[in-house]
Amino acid sequence: SALSHLESLTLRMHKGRGMPDRRLIHPSAEESVHLPDLRSFECTGLDPADPVFRCLSSTLKRLLLSDWPRSYHMRAVPKQLFLVEPQLYSPTEWLGTLRQGDWTLLVEISLVYVVNGDELNEGELLKYMGEKFPRLRKLELHRYEMESNTGNDHPQGHTVCDIPLSHGRLGLTTLQA
C-alpha cells in the first residue's frame, strides 16, 4: 500500500456536535491497511474501538492519544459556542485498545481518560502498561474525574511509581456532572 513506508502519523480529529462517532478505518477495510514501518502514532478524538489500532505494527515506539481541544477548555464556556463535542473514554476502553497490539517497543505513551466513580480498571490499566511495555520511559496521563467522584482514593499514584520512567506527567481535572 502507499502507506507501507510511513514512519510517523499525526491526526487531529473532532466529533461535530450531533454527529455519529467517526472511525479512521472502516472495519471492512482493515485487512487492506498495513503500517509496518510506523514508529509514531498521534491522534486526537479517536475512539478506542477504531480498527486502526489493530493495524499498528509491533515497531511502534510512540502512542499519543489525547483530547483536543482539551475538554476542560470546552467546559469552561457555553456549549453553544463550540461546533465540536469532546469525547472522553474510560480506562476500561483504553485497556481494551492496548491489549489489541503487540507494542513491546513503546517508549512513550500519552493517554487521556475519564473516571466516573464506577470505574475499577484505572489501576489495572496502569499496571498493564508497566508490565507489557518494558521499554516505557515517558508517560503522560490526563485523568478527568467527575465531580461526584472526588475524594475517592487515586490508585494511579503507587502504580505509576512502579514504572521506571525518565519522564512522567500527570494531569488531574475535575468535571462537573
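Now for a look at the structure at hand. (Residues numbered from 1 in each chain as written. Predicted model: local features only at pLDDT ≥ 70, side-chain atom pairs only at ≥ 80, totals over all residues. Heavy atoms only, no water.)

### Quick word on the overall build of the protein chain
A count of helices and strands for the protein chain gives 5 helices and 6 strands. When its helices and strands are written in sequence order, the protein chain yields β-β-α-β-α-α-β-α-β-α-β. Sorting the 177 residues of the protein chain into buried and exposed places 40% on the buried side. Taking all contacts inside the protein chain whose residues are at least 6 apart in sequence as the whole, residues at least 24 apart take part in 75%. Counting every atom, the protein chain has about 9700 Å² of accessible surface; 51% of that belongs to carbon and sulfur. (Helix = DSSP H or I, 4+ residues; strand = E, 2+ residues; numbered from the N terminus. Buried < 20%, exposed > 50% of the residue type's maximum accessible area, 1.4 Å probe, protein only. Contact = heavy atoms within 4.5 Å. Areas by Shrake-Rupley, 256 points an atom, 1.4 Å probe, with all protein chains shown as cover.)

### As for the packing of helix α3 (residues 91-98) against helix α4 (residues 122-132)
Any two packed helices are characterised by how steeply their axes cross, that is the angle between the axes, and by the distance between the axes. For the pair α3 and α4, interaxial distance at closest approach is 8 Å and the crossing angle is 25 degrees. By the angle between their directions, the pair α3 and α4 is classed as roughly parallel. You can see that α3 and α4 cross each other, and the crossing is left-handed. Together, Pro91, Trp94, Leu95 and Leu98 of α3 and Glu122, Glu124, Leu125, Tyr128 and Met129 of α4 make up the contact between the two elements. (Axes fitted to C-alpha atoms, helices over the stretch in contact; angles between N-to-C directions. Parallel < 35°, antiparallel > 145°, perpendicular 65-115°, else oblique. Left-handed = near helix turned anticlockwise from the far one by under 90°.)

### Regarding the packing of aromatic side chains
To describe a pair of aromatic rings, you give the distance between the ring centres and the angle between the ring planes. Counting across every chain of the model gives 4 aromatic pairs. Their ring planes at 85 degrees and their centres at 6.2 Å tell us that Phe53 and Trp94 sit as a pair that is edge-to-face. Taken together, the residues span a long stretch of sequence, with Phe53 in helix α1 (residues 52-55) and Trp94 in helix α3 at a distance of 41 residues. Accessibility classification places Phe53 together with Trp94 in one group, the buried group. Aromatic pair Tyr89 and Trp94: ring centres 5.9 Å apart, planes at 85 degrees, arrangement edge-to-face. (Phe/Tyr/Trp six-rings, centres within 6.5 Å; stacked < 30°, edge-to-face > 60°.)

### A few points about the side chain of Ser110
On the secondary structure map, Ser110 appears in strand β4 (residues 108-115). Ser110 has contacts with Leu63, Leu64, Leu65 and Glu140, leaving out every residue within four places of it along the chain.

### Things to note about α3
Where α3 is concerned, the buried positions are Pro91, Trp94, Leu95, Thr97 and Leu98. Buried residues along α3 cover an arc of 160 degrees about the axis, so they all sit on one side. On its buried face, α3 is in contact with α1, β3 (62-66), β4 and α4. (Arc of directions from axis to C-beta.)

### What to know about the environment of Pro51
Considering the arrangement of structural elements, one finds Pro51 in the loop between β2 (40-44) and α1. The buried category is assigned to Pro51, whose relative accessible area is 1%. Taking C-alpha positions, Pro51 is 6.4 Å from Glu30, a pair spaced 21 residues apart along the chain.

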